[in-house]
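Structure at a glance
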Amino acid sequence: SIRGEQHGRLAQTRYEAVLREAEEEARGRRFARAVEILEAARQVDPENPELKQRLDDMCARLERSQNAAQLAADARRLLVEQDLLQAQAKATEAQRQDPDLPESAELLHAIAEAIRASEGQGRLERQLAEANALLSKESFDAAIAMVRGLRAQSHEPAFDAWLERAQAKKTEAER
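Below you will find a few notes about this structure. Quick caveat, the model's predicted, so the values are computed rather than measured. (Residues numbered from 1 in each chain as written. Predicted model: local features only at pLDDT ≥ 70, side-chain atom pairs only at ≥ 80, totals over all residues. Heavy atoms only, no water.)

Section: the overall build of the protein
Test applied: The helix count covers DSSP runs of H or I at least four residues long, the strand count covers runs of E at least two residues long, and both are numbered beginning at the N terminus. The criterion used for residue contact is that any of the two residues' heavy atoms lie within 4.5 Å. Per-residue and other accessible areas follow the Shrake-Rupley method at a 1.4 Å probe size, with only the shown protein chains counted as cover for residues. Neither His nor the chain ends contribute to the count of charged residues, in which Lys and Arg are positive and Asp and Glu negative. To locate a charge, take atom NZ for lysine, CZ for arginine, CG for aspartate or CD for glutamate.
Check the secondary structure of the protein and you find seven helices and zero strands. When the helices and strands of the protein are read in sequence order from the N terminus, they spell out α-α-α-α-α-α-α. Principal-axis analysis of the C-alpha atoms gives the protein an extent of 115 × 20 × 15 Å. Restricting to contacts in the protein with at least 6 residues of sequence separation, those with at least 24 account for 49%. Surface accessibility of the protein: about 11600 Å² in total, with carbon and sulfur atoms responsible for 50%. Charge centroids of the protein, computed over 27 positive and 33 negative side chains, lie 1 Å from each other.

In structure tokens:
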């Protein structure tokens, strides 16, 4: 009886150590290793319902983590390809599936910055087209003033070249 109790306590101690080890691996986001540990423990005690539940939960965490990592990789690729809305959707889904994914917040921030820059670039392009229209109507001063304002917002070298051409056209027209 005493040996049976000792064996039971020893088994319980080993069982708790295995659970702690699996949780430690999960905290380190090493879900595959945590699953391996729990599967090994399950082979020793296949009838334990708590162990089965923990193994099922860990397998689900592993799957969510893998799916989120794939979504984040897709979002990074889409960001590089400048498909910003799709990138944002993928990164948001990655964060929803695995809120603790370290890169998701930084990825969403990079995408938001790219969207803001793209919107700003689109606005600059529209204003530059408007300045070109003014230039073609020979409203040189208005066009030059508009592009000087754009250059103050964004120090693109193309604005300097545009201003030189506009000044040359104005001088030629005045001549």
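With respect to the packing of helix α2 (residues 31–44) against helix α3 (residues 49–80)
Stated formally: The axes used here are C-alpha line fits, helices contributing only the stretch in contact, and every angle between their N-to-C directions lies in the interval 0 to 180 degrees. Oblique is the label for any angle not under 35 degrees, not over 145, and not in the 65 to 115 range, which are roughly parallel, roughly antiparallel and roughly perpendicular in turn. Two helices cross in a left-handed way if the nearer one is turned anticlockwise from the farther one by less than a right angle. They cross in a right-handed way if the turn is clockwise.
Where α2 meets α3, the closest approach of the two axes is 9 Å, and the angle between their N-to-C directions is 160°. For the element pair α2 / α3, the angle class is roughly antiparallel. Seen along the crossing, α2 lies across α3 with a hand that is left-handed. Of α3, the residues touching α2 (which contributes F31, A32, A34, V35, L38, E39, A41 and R42) are L51, K52, R54, L55, M58, C59, R61, L62 and S65.

Thoughts on helix α1 (residues 2–27)
Quick reminder of the rule: To estimate how far a helix should reach, multiply one less than its number of residues by 1.5 Å. A 1.4 Å probe rolled over the protein chains alone gives each residue an accessible area, and that area as a share of the maximum for its type sets the label: buried under 20%, exposed over 50%, partly exposed in between.
Over its 26 residues, α1 extends 37 Å from the first C-alpha to the last, a length consistent with the 38 Å expected when each residue adds 1.5 Å. For α1, the complete set of buried residues consists of Y15, L19, A22, E25 and A26. Residues of α1 that are buried sit in contact with α2 and α3. One or two positions beyond α1, positive phi appears at R29, with a value near 60°.

A look at the pattern of salt bridges
Condition: The salt bridge criterion pairs a side-chain nitrogen of Lys or Arg with a carboxyl oxygen of Asp or Glu, the two atoms within 4 Å.
All told, the structure shown has 14 salt bridges when counted by the stated rule. Where R33 meets E36, a salt bridge forms, and the shortest distance between an N and an O atom there is 3.3 Å. Within this pair, R33 and its partner E36 are both found in helix α2, separated by three residues, close to a single helical turn. By relative accessible area, which is 45% here, E36 ends up partly exposed.

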